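# Tertiary structure, described
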Amino acid sequence: YHLLADSFNEMADRVEKTIAILRRFAADAAHELQTPLTALRTNLELAKNEAADAQREYFLEASLEQTERMNQLAGNLLDLSRLETGSTNDETSLVNLNQLLQVSGEIYASAAEQKGIDFAISLPTETVSAWCKEKQIQRALHNLLDNALKFTPAGGKVTLGMSLENNFIHLCVEDSGIGVDEEEIENLFQRFHRGKNAAAYPGSGLGLAIVRSIAEGHRGGVEVKNLPGGGACFCLWFPPASGSAKSE
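The sections below set out a description of the structure shown in this document.

Rules behind the numbers
- Residue numbers here run from 1 along each chain, matching the order of that chain's written sequence.
- For this predicted model, a pLDDT threshold of at least 70 governs which residues receive local features, and a threshold of 80 or more governs which side-chain atom pairs are given and counted, while totals over whole chains, interfaces and linings are taken from all residues.
- For side-chain calculations, the full set of non-hydrogen atoms in the structure is used, while hydrogens and water are omitted.
- Helical segments are the DSSP runs of H or I of at least four residues, strand segments are the runs of E of at least two, and each set is numbered from the N terminus.
- Relative accessibility decides the category of a residue: with a 1.4 Å probe and only protein chains considered, values under 20% of the type maximum give buried, values over 50% give exposed, and everything between is partly exposed.
- Two residues qualify as a contact provided that any one of their heavy atoms is within 4.5 Å of a heavy atom in the partner residue.
- Here the accessible surface of atoms and residues is derived via Shrake-Rupley with a 1.4 Å probe, and residues count as covered only by protein chains that are part of the display.
- Any carboxyl oxygen of Asp or Glu within 4 Å of a side-chain nitrogen of Lys or Arg constitutes a salt bridge here.
- Given the number of residues in a helix, its expected span is that number minus one, multiplied by 1.5 Å.
- Pairing of aromatic rings covers Phe, Tyr and Trp, the last through its six-membered ring, and needs centres within 6.5 Å; plane angles under 30 degrees mean stacked, over 60 mean edge-to-face, and all others mean tilted.

## Some remarks on the overall build of the protein chain
When helices and strands are counted, the protein chain shows five helices and eight strands. Counted from the first residue to the last, the protein chain has its helices and strands arranged as α-α-β-α-β-β-α-β-β-α-β-β-β. Counting across all 248 residues of the protein chain, residues that qualify as buried make up 38%. Sequence separation of 24 or more characterises 69% of the internal contacts of the protein chain that already satisfy a separation of 6 or more. For the protein chain, the exposed surface amounts to about 14300 Å²; the carbon and sulfur share of it is 51%.

## What to know about the pattern of salt bridges
With the rule as written, the count across this model stands at one salt bridge. One salt bridge in this structure joins arginine 41 and glutamate 45, with 3.2 Å as the shortest N-O distance. Of this pair, arginine 41 and glutamate 45 both sit in helix 1 (residues 2–49), separated by four residues, roughly a single helical turn. A relative accessible area of 39% means that glutamate 45 is categorised as partly exposed.

## With respect to helix 4 (residues 134–151)
Here helix 4 spans 26 Å end to end across 18 residues, near enough to the 26 Å set by a 1.5 Å rise per residue. Restricting attention to buried positions, one finds in helix 4 the residues Gln136, Ile137, Ala140, Leu141, His142, Asn143, Leu144, Leu145, Asn147, Ala148, Leu149 and Phe151.

## A short note on the packing of aromatic side chains
Inspection of the entire model under this criterion finds two aromatic pairs. Geometrically, the ring pair formed by tyrosine 58 and phenylalanine 59 is edge-to-face, given 5.5 Å between the ring centres and 65° between the ring planes. Judged by relative accessible area, tyrosine 58 falls into the exposed class, the value being 54%. When the ring of phenylalanine 168 is compared with that of tryptophan 237, the centres are 5.8 Å apart and the planes differ by 40°; the resulting orientation is tilted. Placement of the pair is phenylalanine 168 in strand 5 (residues 168–175) and tryptophan 237 in strand 7 (residues 232–238), with a sequence separation of 69 residues. You can call phenylalanine 168 partly exposed: its relative accessible area is 30%. Classification of tryptophan 237 by relative accessible area gives partly exposed; the value is 24%.

Printed below as a string of structure tokens:
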């Protein structure tokens, strides 16, 4: 009887959590979509009433940009809600993390070169493998690397690295960019939070929230610290409980 009651209570808690997340998703979506929707409507009305072809094309291009912004925002919100409710179809498998970081690094090394940023990969000599959800870990790394390149000026440096400390896997992205306001670190991984010094840069404010949700889904976490010489270091970590980490 007690086992049945415990199972029912656990199920009820999960359902309640899922409902709360979906309600928050609906509220966030309605609030965040309001601005691009208003801009889209304004641009379309201006295009409709504009006689000059060049100016009409300008307003239509602006409308397309707002449409893409809404598409990305809705996609990120849906991804975040699936991660928070545990309703993704991503499977856990034994992943060679050295290889995963090498592949991700190669993608971003090219983008860094185009921006005039020095890019480096720092991996342990031994191969580190772990049971995890590969697509999610890759998504988290890409979000961190996107931010690092976005906030690092030409002439700066971005480093992607991995270490195994006390059997905890640490995947870190360092940059020499604008850094993080110390007063905002506590809220930095909340959805839609954008740092004061990042206001001039494009973004939805969901990238780091997705990273945090992925980390927590692997029974780990994410942390950030400012570097003495400028810039910041973001570290995604997860313990052996998410799968057995091993070196070869």
